[in-house]
Structure formats: structure tokens, C-alpha cells
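# Coordinate analysis (summary)
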Amino acid sequence: MPRSVNSVASRARRKKVLKQAKGYFGRRKNVWTVAKNAVEKAMLYAYRDRRNKKRTFRALWITRINAGARLHGMSYSQFMGKVKANNIELNRKVLADLAMNHPEAFKAIVDKVK
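So, here's what we can say about the structure. Predicted, not measured: the structure shown is a model, and the values here were computed from it.

What follows is about the packing of helix α4 (residues 92-101) against helix α5 (residues 103-113). Interhelical geometry of α4 versus α5 gives an angle of 120° and a closest axis separation of 6 Å. Comparing their axes, α5 and α4 come out oblique. Along the contact surface, α4 presents L95, L98, A99, M100 and N101, while α5 presents P103, A105, F106 and I109. Class assignment of the residues belonging to the contact of α4 with α5 gives a composition of 8 nonpolar, 1 polar and no charged.

Our focus in this paragraph is the nonpolar core. Soluble, globular proteins show a tendency: their nonpolar side chains are buried together. Membership of the largest hydrophobic core comes to 16 residues, with the highest contact counts inside it found for I65, F79, L95 and F106. If you list the elements that add at least two residues to this core, you get α2 (32-71), α3 (76-85), α4 and α5. Ignoring anything within four residues of it in the chain, the contact list for F79 reads I65, A69, M74, L95, F106, I109, V110 and V113.

Glancing now at the pattern of salt bridges. The full count for this structure, using the stated rule, is 2 salt bridges. Put simply, R48 and D49 hold a salt bridge, and the shortest N to O gap is 2.9 Å. Classification of R48 as partly exposed rests on a relative accessible area of 42%. Here D111 makes a salt bridge to K107, at a shortest N to O gap of 3.2 Å. Here the residue D111 and the residue K107 both occupy positions in helix α5, the gap between them amounting to 4 residues, near one helical turn. Of the residues examined, D111 reaches a relative accessible area of 42% and is grouped as partly exposed. Judged by relative accessible area, K107 falls into the partly exposed class, the value being 38%.

Conventions we followed
- Residues numbered from 1 in each chain as written.
- Predicted model: local features only at pLDDT ≥ 70, side-chain atom pairs only at ≥ 80, totals over all residues.
- Heavy atoms only, no water.
- Axes fitted to C-alpha atoms, helices over the stretch in contact; angles between N-to-C directions.
- Helix = DSSP H or I, 4+ residues; strand = E, 2+ residues; numbered from the N terminus.
- Parallel < 35°, antiparallel > 145°, perpendicular 65-115°, else oblique.
- Contact = heavy atoms within 4.5 Å.
- Nonpolar A, V, L, I, M, F, W, Y, C, P; charged D, E, K, R; others polar.
- Core = buried A, V, L, I, M, F, W, Y, C linked by side-chain atoms within 4.5 Å.
- Buried < 20%, exposed > 50% of the residue type's maximum accessible area, 1.4 Å probe, protein only.
- Salt bridge = Lys/Arg side-chain N within 4 Å of Asp/Glu carboxyl O.

Below, the structure written as C-alpha cells:
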């Protein structure tokens, strides 16, 4: 009996990957083997960086809070220690936003914890 090849499913699978590779440069967008590798690698980067994004933003918030706290004569660690000691339930994201966009509100928090 001749071998049966499900070419409909194979074509659909390839089309799906080539569609994901749309916008890539050179052969990465239209040659199946190159596109498959490029899309696989891109998916790995996407998976990894969804986790890394959380770290990056936390680092950014810490930098902004540190800058805001130092304007008022405190270091980041001193400020955060006193914020926790005074039971102020504001997370780093909110504190960083206050330090950036509402300096008078941030100053009020600094004065409260000093």
C-alpha cells in the first residue's frame, strides 16, 4: 500500500510558522527551515523576557525611588526601611510613580517617615 502523507496538515503547519515569521529580514521570512528556527528562537526569547520584564521594571522603580529619596537626604534602603516600619502599604511601583510625577506627594511621604 502506498504511503499516505497528510499534506494538508503539513502545509497548514508551515503556513502558521511562516505567518509568525512575517516581517523578518531576508530568508528568515520565507524559507521554511530558516523561518522555523527563527520563530522557535523568537518564542524562547519571548518566554524568557516575559519573566525578565518584571525584574527590569522593579530595578527601574528602585532607581526612581532612590533618586527621589536622595533629593530629601535619605538613601533608598533607609527610606524603604522606614516606610515598612511605619506600615505604609505602598508598593515600589506606586512610590516610583509618585517620585517621578508627583514630587510634592512623595515629599509628604518622606516627611511622614522621617
